Amino acid sequence: MAKDKILVIGASGQIGVELTLALRKIYGNANVVASDLREENELLKGSGPYVSLDVMNKEMLHVQVIRQNITQIYLLAAILSATGEKNPHLAWHLNMQGLLNVLDIAREEKLHKVYWPSSIAVFGPTSPKINCPQQTIIEPITVYGISKYAGEFWCNYYSQRYGVDIRSLRYPGLISYKSAPGGGTTDYAIEIYYEARDNKKYDCFLNENTYLPMMYMPDAINATIQLMESPAASISVHTSYNIGAMSFSPKEIAAAIQSHIPDFEITYHPDYRQKIADSWPQSIDDTVARNDWGWKPEYDLQKMTADMFENLK
């Protein structure tokens, strides 16, 4: 494995921090270069090399890839759903141009592999709500979803036309205690744990029965690495794999929290994010990922809640 040298772009973000640390355990600290426009996350400091990098500056990115002898790129830099609606043109520009820059460099430098995450945001109001399948009607209503759907087909194009080995997962809402949420519609499911611990109450921006697909960060990290470590012959999807773990509503997560903090209270004041949430599926069918490379989640709502409070003490 030592021959691979990995660049993680967006390493200080919600997924980036934990993925970088996990990759360093596998490949060795020196072989995983973390990069971001932001300051280096506290959890990454001292654990391996870090460079300040703007994915939109293609020349500087190309220089780093050559200088560091990079063979794999994990591109995590993106503007998420709720934040993207506040500045749609910026979200489109960053999410698309960043990906195209990486794909071009991957083709020119013949990189071994590229990872780029998609999202359940690709689905829209016309997609099936229950057990949304791998291949289905996809009509996203957010600029984030539109950019991810377009990105999936750029990935497929570079795979088919240029032979770039690029792999992708459609992440559901991700929950973590290590890094802050990044401006997504599912962020309530992270905020609620902090508010429960600190204030024993939470005012939710979605209504109580809004079911959404969710995943605990350790499962997301495991799925990402499992996908990337699988032999190329087992990868049948070159757009992005559906991936699921659990689905719950704010009412259900509140009940799970009350089993640990009995006097926790929740109120509901849905805002503009409710419309986004209503456009997404309530659950995901990830049969293709399970069959192709053996995906299986470890955490359900109860197990995740216990682990969150264990680590938030």
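This text gives an overview of the structure that appears in the document. Being a predicted model, the structure only gives us computed values, none of them experimental.

1. Thoughts on unusual backbone geometry
With the exception of glycine, most residues fall at negative phi, and the peptide bonds are largely trans.
Point 1. Even without glycine at this site, Lys110 takes up a positive phi of about 50°.
Point 2. Positionally, Lys110 belongs in the loop between helix H4 (88-109) and strand S5 (113-115).
Point 3. Unlike most non-glycine residues, Asn131 shows phi in positive territory, near 50°.
Point 4. With respect to the secondary-structure elements, Asn131 resides in the loop between strand S6 (118-119) and helix H5 (143-162).

2. Considerations on empty space enclosed by the protein
Point 1. Enumeration over the complete set of coordinates arrives at 1 cavity of 30 Å³ or more.
Point 2. By volume, the largest cavity is sized at about 40 Å³.
Point 3. Taken together, Leu75, Ala77, Ala78, Leu94, Asn95, Gly98, Leu99, Trp116 and Lys148 form the lining of the largest cavity.
Point 4. Its residues assigned to classes, the lining of the largest cavity comprises 6 nonpolar, 2 polar and 1 charged.

3. Side note on the nonpolar core
Point 1. Formed by 40 residues in total, the largest nonpolar core has its most connected members in Ile175, Tyr188, Tyr193, Phe248, Ile253, Phe264 and Met304.
Point 2. Sorting the residues of this core by element identifies helix H6 (188-199), strand S10 (201-204), strand S11 (212-216), strand S13 (246-248), helix H8 (250-258), helix H9 (273-278) and helix H11 (301-312) as the ones contributing at least two each.
Point 3. Top contributing element to this core by residue count: H6, with 6 residues.
Point 4. Look past the residues within four positions of Phe248 in its chain and what remains in contact with it is Ile175, Tyr188, Ala189, Thr210, Tyr211, Leu212, Met214, Ile253, Leu301 and Met304.
Point 5. With 33 residues, the next largest nonpolar core counts Leu23, Met215, Leu227 and Trp295 among its residues.

4. A look at the sheet that holds strand S9 (residues 173-175)
Sheet strands pair via backbone hydrogen bonds, and the direction of the pair is either parallel or antiparallel.
Point 1. Taking strand neighbours across the sheet as the criterion, the 3 strands line up as S9-S11-S13 in an open arrangement whose pairing is mixed. Each of the sheet's edge strands pairs with one partner strand only, and the pair in question is S9 and S13. With direction set aside, neighbouring strand axes in the sheet form an average angle of 45°.

5. A few points about the state of the cysteines
Point 1. This model, assessed by the stated rule, comprises 0 disulfides.
Point 2. Free cysteine Cys132: the closest other cysteine sulfur is in Cys155, separated by 19 Å.
Point 3. Looking at Cys132, the relative accessible area reads 0%, which means it is buried.

6. Observations concerning the packing of H4 against H5
Point 1. Their axes nearest at 9 Å, the elements H4 and H5 cross at an angle of 15°. Regarding the angle of H4 to H5, the classification is roughly parallel. Relative to H5, the crossing made by H4 is right-handed. Touching Pro88, Ala91, Trp92, Asn95, Met96, Leu99, Leu100, Leu103, Asp104 and Arg107 of H4 are Val143, Tyr144, Ile146, Ser147, Ala150, Gly151, Trp154, Cys155, Tyr158 and Tyr162, all from H5.

7. Re the packing of helix H2 (residues 58-67) against H4
Point 1. Taken N-terminus to C-terminus, the directions of H2 and H4 make an angle of 40°; their axes are 10 Å apart at the nearest point. In terms of their interaxial angle, H2 and H4 are classed as oblique. For the element pair H2 and H4, the recorded crossing hand is right-handed. Contacts from Lys58, Leu61, His62, Val65 and Ile66 of H2 reach H4 at Asn101, Val102, Asp104, Ile105, Glu108 and Glu109.
Point 2. Classifying every residue of the contact of H2 with H4 gives 5 nonpolar, 2 polar and 4 charged.

8. Details of the side chain of Ser127
Point 1. Assignment of secondary structure puts Ser127 in the loop between S6 and H5.
Point 2. Judged by its relative accessible area of 4%, Ser127 is buried.
Point 3. Once residues lying within four places of it in the same chain are set aside, the contact partners of Ser127 are Cys132, Ile137 and Ile138.

Calculation criteria
- Residues numbered from 1 in each chain as written.
- Predicted model: local features only at pLDDT ≥ 70, side-chain atom pairs only at ≥ 80, totals over all residues.
- Heavy atoms only, no water.
- Helix = DSSP H or I, 4+ residues; strand = E, 2+ residues; numbered from the N terminus.
- 1 Å grid on protein atoms, 1.4 Å probe; cavity = no way out; pocket = protein on both sides within 12 Å on 5 of 7 lines; lining within 4 Å.
- Points joined across faces, edges and corners; volume = space filled by probe spheres on them.
- Nonpolar A, V, L, I, M, F, W, Y, C, P; charged D, E, K, R; others polar.
- Core = buried A, V, L, I, M, F, W, Y, C linked by side-chain atoms within 4.5 Å.
- Buried < 20%, exposed > 50% of the residue type's maximum accessible area, 1.4 Å probe, protein only.
- Contact = heavy atoms within 4.5 Å.
- Pairing = 2+ DSSP bridges.
- Axes fitted to C-alpha atoms, helices over the stretch in contact; angles between N-to-C directions.
- Disulfide = S-S within 2.5 Å.
- Parallel < 35°, antiparallel > 145°, perpendicular 65-115°, else oblique.
- Left-handed = near helix turned anticlockwise from the far one by under 90°.

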